[in-house]
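# Coordinate inspection notes
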Amino acid sequence: MPKERIVRINDILDQVNAYFREADLALIEKAYVFSAKVHHGQTRLSGEPYLNHPMSVARILADLRLDEYSIATGLLHDTVEDTYATTEEIDLLFGHEVATLVDGVTKISKISFESQLDQQAENFRKIILAMSKDIRVILIKLADRLHNMRTLIYLPLEKQRQLAQETLDIYAPLAGRLGIFLIKSELEDLCLSYLRNEAYAEINEKLVVTSAEREKYVSEVVRIIDEKLRQFGIGARVVGRPKHAYSIYNKMFLQNLDFSQIYDIIAFRVMVNSRRDCYEVLGSIHSIWTPVPGRFKDYISMPKANMYQSLHTTVIGPYGQRIEIQIRTEEMNRIAEQGIAAHWKYKEGRKIDQKDDQRFAWLNQLMEWQKELKDPREFLETVRIDLFPHEVYVFTPKGAVLEFPAGSTPVDFAYRIHSEIGHRCVGAKINGKLVPLKYLLKSGNVVEIVTLSNHHPSKDWLKFVKTSRAKTKIKQWIRSQERETSIGIGRDVCEREFSRHSLNFTKLLRTGEILKVVQREGIKDIDDFLEAVGRGEIKAKHVLNKLLPKEMQAERVQESRGIPLPRTADNKGPAGVRIRGIDDIMIRFGKCCSPLPGEKIIGYITRGRGMTVHAADCPYLGTVDAERKLEAEWDPSYQNNTPVSIEVLCVDQKGLLADITSSIASAEANIRNARVSTTSDRKAINVFEIEVTGLNHLNTVIRAIAKLRGVLNVSRIRF
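The structure displayed is predicted, hence computed values, not measured ones.

Once that is clear, we can look at unusual backbone geometry. Backbone geometry at Asn431 places phi at a positive 55 degrees, although glycine is not the residue there. Located in the positive-phi region is Glu668, a residue other than glycine, with phi close to 65 degrees. With respect to the helices and strands, the residue Glu668 is situated in the loop between helix H27 (656-666) and strand S18 (670-678).

Structure follows, in structure tokens:
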């Protein structure tokens, strides 16, 4: 481990003064004196004075060209946590702004990522909230983490691995999302050295072995580009350097390649004076070497969400080697290395502006999700998806550019525009042509969403949507529908349960007696209570017992804890289902899933109501008591027509409706009801209620319709 350079306060002051003449250098000097005083006598595990750490953090912040408040905070960031200093004292001596920054960094520093899922989600929320209040908090924390990673060797091995993994999972992606690639790349390489030391050593060794040959090659490529650009009168600065170790490791790991098989280890960068020059340089380079198809990206016209701008191209360079070339202005290069720190946005009120441009769109989305998502797993999934984006850029019909993770679909696009657009999405046009909802968006696509007012999200959409926003909104809609269903079931259960004891459930609701009981149990309102009963999370008898006279409560206590089957012996429901271990029981089919003969089914016992048969994959079954479920199967001799609904999306053309109904009839299915509507872009949504004998018969009908020219999609409507 090379010895760290000594950081002097005068060096920091000179550096800040060079890029920010108006900076209050006295504030920085005062912070240095205070930090030296309170940290006096403290040492790090390396044996060096503790003051070296805040000095190094301040130097990193100066390298990022941050303001004097940030530099002062870098010097003071550990004073409240590790010394006798208080936030109130910092506020009094250095002002509210510095005190707020120190407090924000201190709170993030106290976060432990070695925790249970709920706590980890809460930790993520704290980081996002801190970033939203003042983006400088996370910049200072990144500088703190970078210096800690540089000196990680002095910690025990287990602590080294834990901090390295935490850095790779959280802080390196955050640096990337903020566009600070100088910090991101160094953090990733440091993490690799502790987590995959052998691979890191192998890569570095081979980079050293090939360094002489590589330097010769770099010089030749730089010379060729320089000469060509001089011919065109373009002033440029050309540099070539190997990609950082973690980037090479990722390519070896993801593509299962050996070091010798990676041909674009060297990345060349051409810095010019203007945006126009960037495109002229691109043309010049393509006139020298053949570009590799599909390897050109224009991040100047369509910048990344973290403000990154550059032209990327891969060409077949000298000796047939592939080389990657990035072309950008000097200002774009500064932003690429310093990211959000290259902008003086933090000087304008210090707070993320909700009206800001796309720079902070991703952070605003995280803020929205951390408020909406209560399930820790969902929240963590949301954060991780958003911290590791591989973008595609598409256009709205009006020409606005939107960024999406690779693998996104028109449904993701629809939910990005508005939740209601997503809910009512029935189709999409890409570059004017109809495509399936599962279509994978590609950069440059012009996307137009087709909606229908009475259409609703499908649970199947969750299988192919990519963005966290789409997944969240779809799940919220499904939950709202399931809540309504559960409330209805809960009301039915309560009415039957109460009536068995000569109590009128509806009357007790009106008098407020039930509400008083459920609120004493910690339940907010009647709907929440009914939903919980409908889901099987609460038994109606818990409330019933508190309303019964004492003598009747005693009788209830002596009842069996098992779930008694209905006492009726005659099968009053539909035939055709066998319940293992039970010969005679009242049976009905769940309206939520309408199971068909041939589908796997499960029976669910409800007190006083017999058995309800559901399809095995019905979402409702995931919300009920496992002890109430019984294995069920169809009677092979069962012959009966069962109603089922299907939706047919098709082109609105003359005669097609007749062809569809004819296909249904040809498949020997009877149409009980039909509903047809058309859209403004000459499409039709047809909903048919038909009678089929089972799942195989339904599939036959669907296949017959799907063969028709002009039919875009046929699906069963279930939930």
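Side chains on a regular strand alternate between the two faces of the sheet. Among the eight residues of strand S6 (residues 322-329), seven are classified as buried, and the element is accordingly described as predominantly covered. Here strand S2 (residues 266-272) runs beside S6; their pairing, made up of six bridges, is parallel. Across the sheet, the residue bridging to Val270 is Ile327, located in S6. In terms of strand pairing, strand S5 (residues 311-316) meets S6 through six bridges, oriented antiparallel. Note that in S6 the partner of His312 across the bridge is Gln326. What sits between S5 and S6 in their antiparallel hairpin is a turn of five residues, with Tyr319 showing a positive phi close to 65 degrees.

Here the focus is a nonpolar patch on the surface. A cluster of nonpolar side chains, Leu45, Ile153 and Tyr154, forms an exposed patch at the surface whose accessible area comes to about 320 Å². Residue placement: Leu45 occurs in the loop between helix H2 (25-38) and helix H3 (52-63).

Strand order in the open sheet made by the four strands is S18-S19-S17-S20, with antiparallel pairing throughout. Lying at the two open borders of the sheet, with one neighbouring strand each, are S18 and strand S20 (711-717). Averaged over all neighbouring strand pairs, the angle between strand axes comes to 20 degrees, with direction disregarded. Sheet topology places S18 next to strand S19 (residues 683-692); eight bridges connect them, and they run antiparallel.

Grouped together as the largest cluster of nonpolar side chains are 71 residues, with contacts concentrated most on Val16, Ile71, Phe94, Val98, Leu142, Met149 and Ile183. With near-sequence residues (within four places) excluded, Phe94 lies in contact with Leu27, Lys30, Ala31, Phe34 and Leu76. Counting 24 residues, the second largest nonpolar core, distinct from the first, contains Ile234, Val238, Phe268 and Ile327.

Applying the stated criterion across every chain yields a total of 17 salt bridges. A salt bridge links Arg223 to Glu227; its shortest N-O distance comes to 3.4 Å. On the criterion of helical spacing, the pair formed by Arg223 and Glu227 is a turn pair, its members being four residues apart in helix H13 (residues 211-231). Since its relative accessible area comes to 41%, Arg223 is described here as partly exposed. The partly exposed category is assigned to Glu227, whose relative accessible area is 35%. Between Glu691 and Arg672 there is a salt bridge whose closest N-O contact spans 3.6 Å. Separated by 19 residues along the polypeptide, Glu691 in strand S19 and Arg672 in strand S18 bring together distant segments of the chain. Each of Asp67, Glu97 and Arg136 takes part in one network of salt bridges that share partners.

A separate point is helix H19 (residues 410-417). Along H19, six of the eight residues are buried, which leaves the element largely enclosed by surrounding structure. What H19 keeps buried is the set Pro410, Val411, Asp412, Phe413, Ala414 and Tyr415.

On average, residues of the protein chain carry a pLDDT of 79, and 80% of them reach 70 or more. Residue range residues 344-358 is modelled with pLDDT below 50. Its contacts to residues more than four positions away, or to other chains, number 32 contacts. Low pLDDT, under 50, characterises residues 550-574; the predicted model gives this stretch 36 contacts beyond four residues in sequence or across chains.

What follows is about the packing of aromatic side chains. Considering all chains together, one arrives at seven aromatic pairs under this definition. Here Tyr299 and Tyr308 contribute two aromatic rings whose centre-to-centre distance is 5.9 Å and whose plane-to-plane angle is 70 degrees, an arrangement assigned as edge-to-face. A single burial state applies to Tyr299 and to Tyr308, both of which are buried. By the ring-pair criterion, three or more aromatic residues cluster together here, those being Phe181, Tyr299 and Tyr308. Over the ring of Phe94 we find Lys30, and its NZ or CZ is 5.4 Å from the ring centre. Positioned above the aromatic ring of Phe404, the side-chain terminus of Arg416 is 5.2 Å from the ring centre.

So, how was this worked out
Residues numbered from 1 in each chain as written. Predicted model: local features only at pLDDT ≥ 70, side-chain atom pairs only at ≥ 80, totals over all residues. Heavy atoms only, no water. Helix = DSSP H or I, 4+ residues; strand = E, 2+ residues; numbered from the N terminus. Buried < 20%, exposed > 50% of the residue type's maximum accessible area, 1.4 Å probe, protein only. Pairing = 2+ DSSP bridges. Patch = residues over 30% accessible without salt bridge, like charges linked within 9 Å, V, L, I, M, F, W, Y side chains within 5 Å. Areas by Shrake-Rupley, 256 points an atom, 1.4 Å probe, with all protein chains shown as cover. Salt bridge = Lys/Arg side-chain N within 4 Å of Asp/Glu carboxyl O. Axes fitted to C-alpha atoms, helices over the stretch in contact; angles between N-to-C directions. Core = buried A, V, L, I, M, F, W, Y, C linked by side-chain atoms within 4.5 Å. Contact = heavy atoms within 4.5 Å. pLDDT = per-residue confidence, 0-100. Phe/Tyr/Trp six-rings, centres within 6.5 Å; stacked < 30°, edge-to-face > 60°. Lys NZ or Arg CZ within 6 Å of the ring centre and 35° of its normal.

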